[in-house]
Amino acid sequence: MNMLQTIEVSNASRQLEPVTLQYARFTEELDYSDLPADVATICREQAVATIGSCLAGTLMPGAQSMARALDVFGAGGVATLFGRKELTPAPSAALFNAATGQIIEWDDWVLISHVGACVIPTAFAAGELVQASGAEVLTAIAIGNEVAARTSRAIQRGAYLGNGLPNHQVESAFVAGKLMRLSQRDLARSVSHSAFMAMENCFLGWASDSKILVNGLPAMWGIASARLAQEGLIGNLDMVEHPAGYLSTVSEIVDHDELLKALGEDWMTRTLNTKRYPSCAYNLPAIECALRLHKRLEGKTAGIRAIHIEAPGVTLYVSGRYKGFKPDIFTKIEKGELSHMGLCFDAGYAVAAALVDGELTYRQFLNKCIFAPEVQRLYGSIRYSTDAEMQQRYYTDYQYGSTVRVELDDGSVLEERCAQLLGARDRPFDHAEKFREGAEGVLSPAQTEEALDALRNLNSVDDVREVTALLRPA
Amino acid sequence: MTDGAFQDGIRKLSDRWAVAGRGLINRRLEGALGMDFLFECPGAPAKILRFDRDSVRIEDPRPDVQPHAVFAMPLEDWKKVFSGEWSVMTVVLGGRAGFPKHHRRSIMQLSMLMQALFLLDES
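Since this is a predicted model, take the numbers as computed values, not measurements. (Residues numbered from 1 in each chain as written. Chains lettered and ligands numbered in written order. Predicted model: local features only at pLDDT ≥ 70, side-chain atom pairs only at ≥ 80, totals over all residues.)

> Can you help me understand the overall build of chain A in this one?
For chain A, the count of helices and strands is 20 helices and 10 strands. Dimensions along the principal axes, computed over C-alpha positions, put chain A at roughly 80 × 55 × 40 Å. The buried share of chain A, reckoned over its 474 residues, is 59%. Put simply, of all contacts in chain A between residues at least 6 apart along the chain, 77% involve residues at least 24 apart. (Helix = DSSP H or I, 4+ residues; strand = E, 2+ residues; numbered from the N terminus. Buried ≥ 20, exposed ≤ 12 C-beta atoms within 10 Å, placed from the backbone. Contact = placed C-beta atoms within 7 Å.)

Printed below as a string of structure tokens:
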């Protein structure tokens, strides 16, 4: 039987392409030498930036809770928790590293899928499990990006946005399965196991540490699923595209035509956007404006009487989602009923904190900053308005813009405008900055440089463990 | 009083949509178009709103027609929504409005559009 035969869908009078098996064949056949040089470089740089976020994420209280809890998954450590000394089973490491990669929303996205915080932890943990080469890990990362980009585009008209898009159960199984050297059939089976319990996230949980599971669970379960398939557990071969399969379960709309578009020809990895600052992507241009304003004000924010943020409607919508709690989000954070997480989506909070502190790092998501009186005062002085032109530019060309205006007590007004976020595909920065910032306080300066150098030469190592050893504090 | 504020808000939404709705809509948000949204507020007559690219049709609910999505919340929350300070999803996450699974795409997309519309400067 031809494993790539099309599937008859009688009630829709159309044929769906065998997407799962096509992805599986792409995954099985792709070799590092097939990657265009720039795509391989992007994957390597994606690892540098993502691991930088993971390192910073370990300094958050939620990460420390998770690290203590991992013993529930058992011993037998083979895989690295980035920024910590211990080794754990590979699925546990994938869970932890995916969680720390997003605990302050310092991640990346390809096309519209926040993929790095799933793919990088999965690839490194599975790679350590099988002692893969650096080139194999990079190839698996590219596969994850290419699959995630297409599945995300296929469900972008459904209810979910951005990091909420529930597509990672597909690429995580392919990433892990590639490193375990599964056959095409077993790769498809692994996706069936990975995606069967289709994980949609509860919108409410984005204001608590539960949110860090959004990529963590797919990463962890992708590795487990690949292993199940490797041992012969039979799964469906058409779970991605089937009308009663994964994507149709998690999304009201599935644009099937997007799923295989130019796979292996048009490399979506090239659309990688990497956040320079931790926060929801929609907030990043406003943060940049606030940091510039901090400099112009020489850090003297006491004279600010009002702040005005103009942005696309989606920025304002995301920013305002957690303002309806009773009592309010800050009281709930103080009482331990919510965490800092909701503030990662609040452009107003990020602007206030950046204006006061002149930086936006993990420190601005700790209670010391959250409850600083000046941050709270400025937060209360913010008003928002929609910039219709920015709205259109976002939806037509993924341009993320914002304007921040501060009115001072003396009547003067300072304004900064940013038309595209730093880290966008058309406005890159050196990911070493992010790695070094993330490693601060986790790895020594010397180890930071050694690890950075090793990651940038990942393609040349025979065993990825040579690199991951450098990501554990000496 | 309740009736007036709620109806005024609906009228404001309709007026603004007619002027600026087309400029905000796009393919990813078109789930809000062509659907019947039931707007409910205690103490005020409910209304059905149907959005197209240039206008909003406002009708009384009919018992034999099921809306595609329901926006129901207290007046205090409607006021925040009509001011643009909050989106409907803000109220949903506050636990004071429903979010049934078969309504969620429409609710989210119209929620975002409404807030964007109310936060457009009236110049």
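> When you look at unusual backbone geometry in this model, what are you seeing that I'm missing?
A negative phi angle characterises most non-glycine residues, just as the trans form characterises most peptide bonds. All names here are of chain A. In this structure, proline 327 follows lysine 326 across a cis peptide bond, with omega equal to -5 degrees. Among the structural elements, proline 327 can be located in the loop between helix 12 (313-320) and helix 13 (329-334). With a phi angle near 55 degrees, glutamine 131 is a residue other than glycine that sits in the positive phi range. Tracing the sequence through the fold places glutamine 131 in the loop between helix 5 (116-130) and helix 6 (134-154). We note that glutamate 298 has phi near 50 degrees; this positive angle belongs to a residue other than glycine. Looking at the secondary structure, you find glutamate 298 in the loop between helix 11 (284-296) and strand 7 (304-311).

> Looking at this structure, how should I read the pairing of strand 10 (residues 413-418) of chain A?
Working note: regular strand, side chains alternate between the two faces of the sheet. Residue and element names in this part refer to chain A. Relative to strand 10, strand 9 (residues 402-408) runs antiparallel, the two being bridged by six bridges. Directly across from arginine 405, in strand 10, lies its bridge partner glutamate 415. Count of turn residues in the strand 9/strand 10 antiparallel hairpin: four residues, of which glycine 411 carries a positive phi of about 95 degrees. (Pairing = 2+ DSSP bridges.)

> Is there a simple way to explain the sheet that holds strand 3 (residues 56-59) of chain B in this structure?
Within a beta sheet, neighbouring strands are joined by backbone hydrogen bonds and run either parallel or antiparallel to one another. Residues and elements named next belong to chain B. What the four strands build is an open sheet, ordered 3-2-1-4; its pairing is mixed. Only two strands of the sheet have a single partner each, and these edge strands are strand 3 and strand 4 (69-72). Here the strands of the sheet are splayed against their neighbours by 25 degrees on average, with no regard to which way each runs. As paired elements, strand 1 (residues 36-40) and strand 4 share four bridges and run parallel to each other. Pairing of phenylalanine 37 across the sheet is with alanine 69, part of strand 4. (Axes fitted to C-alpha atoms, helices over the stretch in contact; angles between N-to-C directions.)

> Looking at this structure, I do not really get the environment of alanine 173 of chain A. What am I missing?
Residues and elements named next belong to chain A. Looking at where alanine 173 falls in the secondary structure, it is placed in helix 7 (residues 168-179). Counting along the chain gives 54 residues from alanine 173 to arginine 227, while the straight-line C-alpha distance between them is 9.3 Å. Ignoring any residue separated from it by four or fewer positions in sequence, one finds alanine 173 in contact with Ser190, Val191, Ser194, Gly222, Ser225 and Ala226.

> I tried to follow the interface of chain B and chain A on my own but got confused; where do I start?
Interface size is often expressed as the accessible area that is lost when the parts come together. In this complex, chain B contributes 23 residues to the contact, which on the side of chain A involves 25 residues. Elements with a contribution of two residues or more to the side of chain B that touches chain A: helix 1 (2-24), helix 3 (88-93) and helix 4 (104-118) of chain B. Broken down by element, the side of chain B that touches chain A gets its largest block of residues, six residues, from helix 4 of chain B. Partitioning the side of chain B that touches chain A into residue classes produces 11 nonpolar, seven polar and five charged. (Nonpolar A, V, L, I, M, F, W, Y, C, P; charged D, E, K, R; others polar.)

> When you look at the confidence of the model for chain A in this model, what are you seeing that I'm missing?
As a general rule, the predicted coordinates of low-pLDDT regions are not to be interpreted in detail. Mean pLDDT over chain A works out to 96, with 97% of the residues at or above the 70 mark. Confidence over residues 7-11 of chain A falls short of pLDDT 50; this stretch has nine contacts with residues more than four positions distant or in other chains. (pLDDT = per-residue confidence, 0-100.)

> Could you clarify how one ought to interpret the environment of threonine 80 of chain A in this entry?
Residue and element names in this part refer to chain A. Here threonine 80 lies in strand 3 (residues 79-80). Considering only alpha carbons, one finds threonine 80 and proline 121, 41 residues apart in sequence, at a separation of 9.5 Å. For threonine 80, the contacting residues outside a window of four places in its chain are Leu87, Ala93, Glu128, Thr468, Leu471 and Arg472.

> Help me understand the sheet that holds strand 10 of chain A, please; the structure alone is not making it clear to me.
All names here are of chain A. The mixed open sheet is built from four strands, whose spatial order is 8-7-9-10. Each edge of the open sheet carries a strand with a single partner, namely strand 8 (382-386) and strand 10. Neighbour-to-neighbour, the strand axes of this sheet turn through a mean angle of 15 degrees, independent of strand direction.

> Just to check I follow, could you spell out the packing of helix 3 (residues 61-69) of chain A against helix 4 (residues 90-100) of chain A for this structure?
Relative orientation and spacing of two packed helices are given, respectively, by the angle between their axes and the distance between those axes. All names here are of chain A. For the pair helix 3 and helix 4, interaxial distance at closest approach is 10 Å and the crossing angle is 175 degrees. When the axis of helix 3 is compared with that of helix 4, the two are roughly antiparallel. Two secondary-structure elements touch here, helix 3 through Ala63, Met66 and Ala67 and helix 4 through Phe96, Ala99 and Thr100. (Parallel < 35°, antiparallel > 145°, perpendicular 65-115°, else oblique.)

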